[in-house]
Amino acid sequence: HTGAGKSSVLKLINGLVPHHTGGILSGEISVAGRSTRTLRPGELADVVGIVGQNPVHGFVSDIVEEEIAFGLETLGIAADVMRKRVEEVLDLLALTPLRQREIHTLSGGEQQRVAIARALSMDPIVMLFDEPTSALDPEMVGEVLDVMVKLANEGMTMCCVTHEMGFARKVSHRVIFMDQGRIIEDCSKDEFFGNPDARSPRAKDFLSKILAG
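Thresholds applied
Residues numbered from 1 in each chain as written. Predicted model: local features only at pLDDT ≥ 70, side-chain atom pairs only at ≥ 80, totals over all residues. Heavy atoms only, no water. Axes fitted to C-alpha atoms, helices over the stretch in contact; angles between N-to-C directions. Helix = DSSP H or I, 4+ residues; strand = E, 2+ residues; numbered from the N terminus. Parallel < 35°, antiparallel > 145°, perpendicular 65-115°, else oblique. Left-handed = near helix turned anticlockwise from the far one by under 90°. Contact = heavy atoms within 4.5 Å. Nonpolar A, V, L, I, M, F, W, Y, C, P; charged D, E, K, R; others polar. Patch = residues over 30% accessible without salt bridge, like charges linked within 9 Å, V, L, I, M, F, W, Y side chains within 5 Å. Areas by Shrake-Rupley, 256 points an atom, 1.4 Å probe, with all protein chains shown as cover. Salt bridge = Lys/Arg side-chain N within 4 Å of Asp/Glu carboxyl O. Lys, Arg positive; Asp, Glu negative; His and termini not counted. Charge placed at Lys NZ, Arg CZ, Asp CG, Glu CD. Buried < 20%, exposed > 50% of the residue type's maximum accessible area, 1.4 Å probe, protein only. Expected span 1.5 Å × (residues − 1). Polar contact = N/O pair within 3.5 Å; in protein donor to acceptor, adjacent residues only side chain to side chain.

Draft legend 1. Structural view of the packing of helix H5 (residues 108-120) against helix H6 (residues 138-153). Look at H5 against H6: their axes get within 8 Å of each other, and the N-to-C directions meet at 25°. Here H5 lies roughly parallel to H6, going by the angle between them. The handedness of the crossing between H5 and H6 comes out as right-handed. Note on element contacts: H6 touches H5 through Met-140, Glu-143, Val-144, Val-147 and Leu-151, opposite Gly-108, Gly-109, Glu-110, Gln-112, Arg-113, Ile-116 and Leu-120. Broken down by class, the residue content of the contact of H5 with H6 amounts to six nonpolar, three polar and three charged.

Written out as structure tokens, the structure is:
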């Protein structure tokens, strides 16, 4: 359900919690040997990329190519390296024909691809996706999920909050099921989807509804 704590898990991984949200953090979270307790999101941007539900809220430039390059500029990446990375992600996400387009003229699916490209240009080791298709029209959902499938097939480590169970079954290796702020299930994809009767009562009820559909 909404409010179960899924987005909070992602914000813990990239340091938004507690640095931008406040609160008390207990325990330790380490990404590539870096503690999110001591480092803010900007200091983790080269190892953790995040893409949210509505990319428009995070854009700072008007033109596609400039938006993708913005994060690299803030890190002081050398111009030749920056150009190479921008070209790579434009090609990877089929955005080259749109590189000089104004972002507000793009479709929702295209805008989400720009957001993914911006995060990927930083060359992270893990990508976080917080319900990246929830704000899209149905015909645009497949466009974004296809990009994520491609990233998964190329070996990118991804943590994805999603209600798209068909996508989760196709791409995931590990499934974490949450309810009321707690992790109820943490197992492999095959265990979660392939053996509903062995799951907790809450997860079993969930699976009975989505598998029936």
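Now that the structure has been shown, we can carry on.
Draft legend 2. Region of the structure containing a negative patch on the surface. Judged by side-chain charge, Asp-62, Glu-66, Glu-73 and Glu-102 come together as a negatively charged surface patch. The topology assignment puts Glu-102 in the loop between helix H4 (79-92) and H5. Residue classification places Glu-102 among the partly exposed positions, given a relative accessible area of 40%.

Draft legend 3. Region of the structure containing H5. The terminal C-alpha atoms of H5 lie 18 Å apart, and with 13 residues this matches the ideal 18 Å at 1.5 Å per residue to within 8%. Counting buried positions along H5 yields 12 of 13 residues, so the element is predominantly enclosed. Listing the buried residues of H5 in full gives Gly-109, Glu-110, Gln-111, Gln-112, Arg-113, Val-114, Ala-115, Ile-116, Ala-117, Arg-118, Ala-119 and Leu-120.

Draft legend 4. Layout of the packing of helix H3 (residues 64-74) against H4. In contact at an axis separation of 10 Å, H3 and H4 are set at 135° when each is read in the N-to-C sense. Put simply, H3 runs oblique to H4. With respect to the hand of their crossing, H3 and H4 are arranged in right-handed fashion. Contacts between H3 and H4 involve Val-64, Glu-65, Ile-68, Ala-69, Leu-72 and Glu-73 from the former and Met-82, Arg-85, Val-86, Glu-87, Val-89 and Leu-90 from the latter. Of the residues that constitute the contact of H3 with H4, the class distribution is eight nonpolar, no polar and four charged.

Draft legend 5. Quick look at the side chain of Ser-35. As for its placement among the helices and strands, Ser-35 is situated in strand E2 (residues 34-35). Side chain to side chain, Ser-35 and Glu-28 meet in a polar contact 3.4 Å long. There is a polar contact of 3.1 Å between the side chain of Ser-35 and the backbone nitrogen of Arg-37. Once you skip the residues sitting within four places of it in the chain, Ser-35 turns out to touch Glu-28 and Ile-29.

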